[in-house]
Amino acid sequence: MSIRTKLALGLIAILALNLLASLHGFHRLTQAASREAEILETSSDILTLALTAQVHFKKQVQEWKNILLRGGDAELRARYIEQFEQEERTTRVYLERLLTLSQSNPEASAEAEQFLAAHERLGREYRAALAIYQPVAAAPQLEVDRQVRGIDREPTDLLDRVVESALEHRRTTLAQLQLAARRHQLWTLILTGALMSGAALLLMWLVDRNIGRPMATATAVARQMDRANAELARAAQAKDEFLAAMSHELRTPLTSILGLSETMGDGLLGPLSAQQEKAVRMIHENGTHLLELINDILDMSRVASGQMHLRWDQVPVDQLCEASLRLIGPAAKRKGLRVSLAIDPQARLVRGDSRRLKQMLVNLLGNAVKFTPEGGAIGLDVQTDAERGELSFGIWDTGVGIPREQFERLFQPFVQLDSRPARQYDGTGLGLALVSGMAELHQGRIQVESEVGRGSRFEIRLPWDPAAQRADRLQPDPTESNGPGIETGVREPWRVLLVDDNPGNLDMFATYLRIRGCDVRTAGSGAEAIALSRMPRPDVILMDVQMPGMDGLETTRRLRSDPALRAVPIIALTALAMPGDREQCLEAGMDDYLTKPLGLKELHATVAQWVARTRLAASRALS
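(A) Structural detail: the overall build of the protein chain. If you tally the helices and strands in the protein chain, you get 14 helices and 12 strands. With 623 residues in all, the protein chain has 39% of them scored as buried. Across the protein chain, contacts joining residues at least 24 apart in sequence account for 72% of those joining residues at least 6 apart. Working note: accessible area of the protein chain is about 34900 Å², and carbon and sulfur atoms make up 56% of it.

Spelled out as structure tokens, the structure:
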């Protein structure tokens, strides 16, 4: 039985006992009140009947006197005798009713019976006296009056005693009732107090047993948990410090291994045989894989400890998807997988950290490639839900699928669904845990649907603002400054030449930079970029690398051949992220390298950094 149930039953029992005691006291007081009202009513009726009988008895005596005084007239005499008998009967009727009501008062009842007997004798003697009444005599009433004189005193006195007895009985009975009522009140108070005290003690016992003791136990357990949490916090801090130290210690030799293997692979240390080239390539690939594992472990530690901080930006959705697919493209091609991409036209920008968003998509797409057999298909589709304000990235495949009972374990770190020593698929079990943690950091979530033998579908659902899908509708960030070099109304705006063959990217980047105060000119090809770079000379050139006809590398070489443009910063905008791509851009004459997907704030910050650097250098040269 739960604590709540025990307390409820205890309170119900207490209330029931108090209610019974109160009802008992109320019942007894009600009885006393009813008895008092009954006695008052009976006494009033007795007094009324006694007084009425007394009135009619006096009328009877008066009619007797009328007979004696006016009995000479036969007609009057007959009428007075009739009235005498009528009053006599009426008096007896009231006395009999009084006898019935005075059963509870023996004294009044006895006196009423005595009155009836005296009244009956009075009637007989009055009638006997009439026998000697001589109407023709000079004073006939005198003889009769001498015979019955004083006979009416006894009934009169008896009626008076009946009234007095009724009043005395009422006073005595009411006093007894009042005493009994006070006694009942006292006992009711004592009983209620005892019940309340017992109820309070019972409630205190129940509270102590069901709440106090568990709370004391819970407090003790909480103290132990606090100590354990403190130990865990210290252990977590030690783990983070250990991971940071090990990261440094592992990255240092790995950097040398990767650098030397890449140098050897490029033939800079002399020619290699085919077997040596294969060995160097394996060393570089496994070193790169080891570096990725170290990065995953560090990222998982940051997510778990809440130390991963996002660089919030507005990220173009198409760039994000294309860059992610490009990274897994070679692996999908080796397995002969069909790769598809479908993007809702409404989805142009999503708020988040471009690097972490791409990391989530690449992890899920890499799993799709890994678990899909040769000849299968994988895909990435982007859907919007304006009503819910959500954007979903759906990654699907036609691979082996996942049993439904394994769904709960999917997003736990270091968990492999196939944990056998001879498992078919390798991996650390960190990818899905990282994706789930980073989705939560983006105020989103991840969902999965799968069927064994038919494939899986993972969806990353993120918050999405339908009204912020164009650069000119973005709300400026009040915490972000215009960057170094911009002083509105004092210096001229930055001159930016933006080169990209994608009209959508061109429009989005140009609109955003114009909002931020830049003077932007756009070119859709390398030849157009060369023509626009002459006059006026731009402060910075943003160059897409992959363009039809003259690509960005060749365009950069031609721009650098012009002495007037050699000092202008050229920044590569590219979805290429393979080893050696950055070096190719720098060798062609570019100054910086930005990988798509590129956040709008990141783009503006990079432009601000390079414009400030070149203008500072120019001002120093003039001075």
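(B) Structural detail: the pairing of strand 1 (residues 313-316). Side-chain alternation along strand 1 places D313 and V315 on one buried face and Q314 and P316 on a second face that is also buried. Alignment of strand 1 against strand 3 (residues 349-352), held across four bridges, turns out to be antiparallel. The partner of P316 across the bridge, within strand 3, is L349.

(C) Fine view of unusual backbone geometry. Its identity is not glycine, yet Q443 carries a phi of approximately 60°, on the positive side. The residue Q443 is located in the loop between helix 9 (431-441) and strand 6 (445-451) in this model. Here Q443 falls in the exposed class, since its relative accessible area comes to 53%.

(D) Structural detail: the packing of aromatic side chains. Counted by the stated rule, this structure contains two aromatic pairs. Between F57 and F115, the ring centres sit 5.7 Å apart and the planes meet at 75°, which makes this aromatic pair edge-to-face. Of this pair, F57 sits in helix 1 (residues 3-70) while F115 sits in helix 3 (residues 106-130), and the two are 58 residues apart along the sequence. Here F57 and F115 have matching classes, each one buried. Here R613 stacks its cationic end above the ring of W610, 4.1 Å away from the centre of that ring.

(E) Geometry of the nonpolar core. The biggest cluster of nonpolar side chains holds 42 residues, and the ones touching the most others in it are F393 and I460. Secondary structure elements with two or more residues in this core: helix 6 (274-305), helix 7 (317-334), helix 8 (354-370), strand 4 (377-385), strand 5 (390-397), helix 9, strand 6 and strand 7 (455-463). With seven residues, helix 8 is the single largest residue contributor to this core.

(F) Molecular detail of the sheet that holds strand 11 (residues 570-574). Read across the open sheet, the five strands follow the order 9-8-10-11-12; overall the sheet is parallel. Each end of this open sheet is capped by a strand with a single partner; those strands are strand 9 (519-523) and strand 12 (592-595). Neighbour-to-neighbour, the strand axes of the sheet open up by a mean angle of 20°, direction not taken into account. Two elements, strand 8 (residues 495-499) and strand 10 (residues 540-544), share four bridges in a ladder whose sense is parallel. From the neighbouring strand, L497 faces strand 10, where its bridge partner is I541.

(G) Seen up close, the sheet that holds strand 2 (residues 338-343). Read from one edge of the open sheet, five strands run 2-4-5-7-6, paired in mixed fashion. Edge strands, defined here as strands with exactly one partner in the open sheet, are strand 2 and strand 6. This sheet shows a mean twist of 15° between the axes of neighbouring strands, independent of strand direction. Bridge analysis of strand 5 against strand 7 gives eight bridges, and the strand direction is antiparallel. Of the residues in strand 7, the one forming a bridge with I395 is F458. Where helix 7 meets the sheet, it contacts strand 2, strand 4 and strand 5, and its direction lies at approximately 175° from that of strand 2. Sitting on the sheet, helix 9 is in contact with strand 6 and strand 7, with an inclination near 25° to strand 7.

(H) Summary view of the pattern of salt bridges. One pass over the full model with this rule turns up 15 salt bridges. Here D381 makes a salt bridge to R457, at a shortest N to O gap of 2.8 Å. With D381 in strand 4 and R457 in strand 7, the pair connects residues that are 76 residues apart, well separated along the chain. Side by side, D381 and R457 carry an identical accessibility label, which is buried. One salt bridge in this structure joins E451 and R454, with 4.0 Å as the shortest N-O distance.

Conventions we followed
- Residue positions are counted from 1 within each chain, in the order its sequence is given.
- Where totals are concerned, whole chains, interfaces and linings use all residues; where local detail is concerned, this predicted model gives features only for residues with pLDDT of at least 70, and gives and counts side-chain atom pairs only at 80 or more.
- To obtain the side-chain values, all non-hydrogen atoms of the structure were used and water was disregarded.
- A run of DSSP states H or I qualifies as a helix once it reaches four residues; a run of E qualifies as a strand once it reaches two. Both are numbered from the N-terminal end.
- Per-residue accessibility, obtained with a 1.4 Å probe over protein chains only, is compared with the maximum for each type, and a residue is labelled buried under 20%, exposed over 50%, and partly exposed between these values.
- We call two residues in contact whenever any of their non-hydrogen atoms come within 4.5 Å of each other.
- What sets the accessible areas is the Shrake-Rupley method with a 1.4 Å probe; for residues, cover comes only from the shown protein chains.
- Strand pairing follows a simple DSSP-based rule, namely that at least 2 bridges must link the two strands.
- Pairing of aromatic rings covers Phe, Tyr and Trp, the last counted by its six-membered ring, and requires centre-to-centre distances within 6.5 Å; plane angles under 30 degrees mean stacked, over 60 mean edge-to-face, and any other angle means tilted.
- By the criterion adopted, a ring carries a charge over it if an Arg CZ or a Lys NZ lies within 6 Å of its centre and within 35 degrees of its normal.
- Only buried Ala, Val, Leu, Ile, Met, Phe, Trp, Tyr and Cys residues count toward a nonpolar core, and they belong to the same one when joined by side-chain atoms within 4.5 Å.
- Interaxial angle, 0 to 180 degrees, is taken between N-to-C directions of lines fitted to C-alpha atoms, where a helix line uses only the stretch in contact.
- When a carboxyl oxygen of Asp or Glu is within 4 Å of a side-chain nitrogen of Lys or Arg, the pair counts as a salt bridge.

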